[in-house]
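Structure assessment
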Amino acid sequence: MKFHIDNKDPMLRDKKHKRCLVYVSVLFIVMVFVSAFLYVVIHKNSNLERAEAQYKKLFSAQEQVNAELSTIGSDLIYFSHSDLATATLSSQDQVPHDYLKSLMFKISSYQKRYDQIRLLDTQGNEIIRIDQRSDLSSQQVPTSKLQNKKERYYFKETLKLKSEQIFVSRFELNKERGEVEYPIKPTIRFATPTYSIHGQLLGVGIINYNANHILQIIKNINNHKGEQTFLINSTGYYLESNKSEKNWGFMFPKEKQHLFSEESPRVWKEMQGKESGFAVNENGEYYFRKLNLNQLFATVNNKYTYLITHVPKKDIYNEWIILMKELIVGFLLLFSVLAALVWKLAGSQVKEELLFKKLIFEARHDALTGLYNRATAIDFLNKNISICRRRKSTLALAFIDVNDLKKTNDRQGHLVGDELLKGVATAITQTIRETDFSARLGGDEFIIIFVDCNQNYTNEIMARIQSKLSSLGLEKTGCKWSFSYGVAELLGLQDNTEKMIERADNAMYKHKAQISLDKETTSIADLA
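Residues numbered from 1 in each chain as written. Predicted model: local features only at pLDDT ≥ 70, side-chain atom pairs only at ≥ 80, totals over all residues. Heavy atoms only, no water.

**Side note on the sheet that holds strand β13 (residues 284–292)**
Selection criterion: Here the rule is simple: two strands pair whenever DSSP picks up at least two bridges between them. Strands here mean DSSP runs of E at least two residues long; helices mean DSSP runs of H or I at least four residues long; both are numbered from the N terminus. Think of each axis as a best-fit line through the C-alpha atoms, taken over the contacting stretch in the case of a helix, with angles from 0 to 180 degrees between the N-to-C directions. Contacts are assigned to residue pairs that have any heavy atoms within 4.5 Å of one another.
Reading across from one edge, β11-β10-β14-β13-β12 is the order of the 5 strands in this open sheet, with antiparallel pairing throughout. The outermost strands of the open sheet, each flanked by one partner alone, are β11 (238–240) and β12 (276–281). Across the sheet, the mean angle from the axis of one strand to that of its neighbour is 30°, orientation sign disregarded. Each of β10 (228–233), β11 and β14 (304–312) is contacted by helix α6 (residues 212–219), which is oriented at about 80° to β11, the strand it contacts most. The strands that helix α9 (residues 313–329) touches are β13 and β14; relative to β14, the one it contacts most, it runs at about 45°.

What follows is the structure, given as structure tokens:
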């Protein structure tokens, strides 16, 4: 009878359909899982890459700002604390005055970033003032046009400082005779007091830094299309944004005010008290970094601004759409690749786990004997000294030195020497209790830690180990194996790991010396 397969058999066809349905269902579930997995991973990586790019921009801007401002403090200290400044402020001598004026003029001519360099007396009167023209050339302001600045906040605050301390003003627009100067000059003032050698306050040195250089750094940040960069002061006002009408609102209190802190309160709240970070609201993602001048100078006031980059929500959404399209187009390829990767990953993970366990074991154990190693023994002893003190229990330590290991290696070979070391380990493990701890320190040295055991009982156990080792030696080589040992018991509160090991080691050497003496005595008796 032949077994005939009829492809048109309804039962067979139905079975195939069911099997196909099962396979398709399983495949569908796997594909959904793979798609979700790929989406999560790629989306996460995309977010990380975007965040990394934004943080790099912020860090680069911070580095450029630091480089831009790095020499201001030294320039300020150089002329303000010079003997010329002291002489100019403390006497009517025109010679130091002229020399100082020349020095300040040279600084201004070299540093094109300083709008003004000034020296004031304690009454706020400008003694010397060097201005920078629009063509970046320097000019000395005539005496008739020098002003009094005693009511300016930065002058008052600087008078309170100690020598070599620096006051940094807020990031603001320069004012002349009480009015904002046009065209506007974003300015940061750096000021320091000048003292005589006897500690008498003589005046104040001030540099007006042209902060347009910082704003230009901010504007030059390489943003992608749609991204924005903001510079915000510590009270939430815009200093730099994509809309000029929002900037410098605090300098024009009568005009409509635009505050980042009010327009993006959730982000502003997240920024408080942090040096850098990330926040999200309904408008997108905000990455921020605090620009703090205290890191550059010995300033006494904490004036800072926030540099913020903004990635609009629509840009993030567009990234998501592109990602979904790429997943759909490459779905089958990604699924096959992922299946292979998961298979390899599983095998790799198992290997890694086994390798990790092996490394942990090898890191804690001696390769030859299988006992614990020195580092593990020291750690165990340290912990159990503390435990025994809390429990007021006993703790003993035995230090072992294998006898004649070198002779065995020299005469019978290292394989026999290794067997001797393994025999010591076997004798120890077959004799001590489960609560005790044994380790090979290295070479021919071993250590045993006996918990809840005094010195007398430890000596009894050591005698049994010695007997066991002797029997193993006779069994394997026909010669007795032996070791020298010393025992130390945990003493008072001043005792520690090092002291216990040292006492046990000393006792071991006494034991070894006694064994040598006994051998000599036996030899002499045999000769007699």
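**Some remarks on the packing of aromatic side chains**
Basically, it comes down to this: Side-chain rings of Phe, Tyr and Trp, where Trp is taken by its six-membered ring, are said to pair if the distance between their centres is within 6.5 Å; with planes under 30 degrees apart they count as stacked, over 60 as edge-to-face, and otherwise as tilted. Burial classes follow relative accessibility: with a 1.4 Å probe on protein chains only, a residue under 20% of its type's maximum area counts as buried, one over 50% as exposed, and anything between as partly exposed.
For the structure shown, the criterion picks out 17 aromatic pairs. With centroids separated by 4.9 Å and ring planes inclined at 45°, the aromatic side chains of F278 and Y287 adopt a geometry described as tilted. Residue F278 is classed as partly exposed on the basis of its relative accessible area, which comes to 36%. By relative accessible area, which is 1% here, Y287 ends up buried. Here Y372 and F437 contribute two aromatic rings whose centre-to-centre distance is 4.6 Å and whose plane-to-plane angle is 15°, an arrangement assigned as stacked. Residue Y372 is located in the loop between α10 (331–364) and α11 (374–391), and its partner F437 is located in strand β16 (residues 437–442); the two are separated by 65 residues in the primary sequence. We classify F437 as buried; its relative accessible area is 6%.

**Brief notes about the environment of L103**
For L103, the position within the fold is in helix α4 (residues 94–110). C-alpha of L103 to C-alpha of L84: the two residues are 19 residues apart in sequence and 9.3 Å apart in space. If sequence neighbours within four positions are ignored, L103 has contacts with Y78 and F79.

**As for α9**
As a reminder, the rule being used: Under the convention used throughout, the expected extent of a helix is 1.5 Å for every residue step, that is, one less than its residue count. The arc under discussion is defined with respect to the helix axis, by the directions toward the C-beta atoms.
With 17 residues, α9 should reach 24 Å at 1.5 Å per residue; the first-to-last C-alpha distance of 25 Å fits that figure. When we look at burial in α9, the residues that qualify are D315, I316, L323 and L327. End-on, the buried residues of α9 take up no more than an arc of 120°, which puts them together on one face. Away from its buried face by more than 90 degrees, α9 exposes K314, K325, I328 and V329.

**Examining a nonpolar patch on the surface**
The following threshold applies: Here a patch means residues that are over 30% exposed by relative accessible area and free of salt bridges, tied together within 9 Å if like-charged and within 5 Å if nonpolar (Val, Leu, Ile, Met, Phe, Trp, Tyr). For the accessible areas, the method is Shrake-Rupley and the probe is 1.4 Å, while residue cover comes only from the protein chains on display. Basic side-chain nitrogens of Lys or Arg form a salt bridge, by our definition, when they fall within 4 Å of a carboxyl oxygen of Asp or Glu.
A cluster of nonpolar side chains, contributed by F33, F37, V41 and I42, occupies part of the molecular surface with about 350 Å² of accessible area. Relative to the elements of secondary structure, V41 occurs in helix α1 (residues 10–69).

**Some words on the nonpolar core**
Our working definition: Throughout, nonpolar core names a set of buried Ala, Val, Leu, Ile, Met, Phe, Trp, Tyr and Cys residues whose side chains join them through atoms within 4.5 Å.
Residues F79, F171, Y209 and W248 are the most contacted members of the largest nonpolar core, which totals 48 residues. Tallying contributions element by element places α1 first for this core, with 5 residues. Those residues in contact with F79 that sit more than four places away from it in its chain are A85, L100, L103, M104, I107, I117, R118, G205, I206 and I207. By size, the runner-up hydrophobic cluster in this structure holds 26 residues, among which are A396, A425, I448 and W481.

**A few points about the sheet that holds strand β18 (residues 483–489)**
In spatial order, the strands read β16-β17-β15-β18; together these 4 strands make up an open sheet with antiparallel pairing. With partners counted over all chains shown, the strands left at the sheet margins are β16 and β18, one partner each. Strand-to-strand twist of the sheet, defined as the mean angle between neighbouring strand axes without regard to direction, takes the value 20°. Taken together, the 7 bridges between strand β15 (residues 395–402) and β18 define a ladder with antiparallel strand orientation. Its bridge partner lying in β18, D401 is registered against S484.

**Points about helix α13 (residues 414–429)**
Here α13 is 16 residues long and its end C-alpha atoms lie 22 Å apart, about the 22 Å a rise of 1.5 Å per residue gives. Of all the residues in α13, the buried ones are V416, G417, L420, L421, G423, V424, A425, A427 and I428. Looking at the buried residues of α13, the elements they touch are β15, α12 (405–412), β16, β17 (445–451) and α14 (455–477).

**Re the pairing of β13**
The element β13 is extensively covered by neighbouring structure, given that 8 of its 9 residues are classed as buried. Bridging between β12 and β13 involves 6 bridges; their strand directions are antiparallel. Across the sheet, S276 pairs through a bridge with R289, a residue of β13. Hairpin remark: β12 followed by β13, antiparallel, with 2 residues in the connecting loop. Bridge count between β13 and β14: 9 bridges; the pairing is antiparallel. Within the sheet, the bridge partner assigned to E285 lies in β14 and is V311.

**Topic: the pattern of salt bridges**
Scanning the model with the defined rule gives 25 salt bridges in all. K56 is the salt-bridge partner of E52, the closest N and O atoms lying 3.6 Å from each other. Of this pair, E52 and K56 both sit in helix α1, 4 residues apart, which is roughly one turn of that helix. Accessibility expressed as a relative area gives 44% for E52, which makes it partly exposed. Residues E172 and R189 are paired through a salt bridge, measuring 2.5 Å at the closest nitrogen-oxygen approach. Within this pair, whereas E172 is found in strand β5 (residues 172–173), its partner R189 is found in strand β8 (residues 186–195), the two being separated by 17 residues in sequence. Residue class for R189 comes out buried when judged on its relative accessible area of 3%. Taken together, the shared-partner salt bridges connect R118, E126, R129 and D131 into one network.

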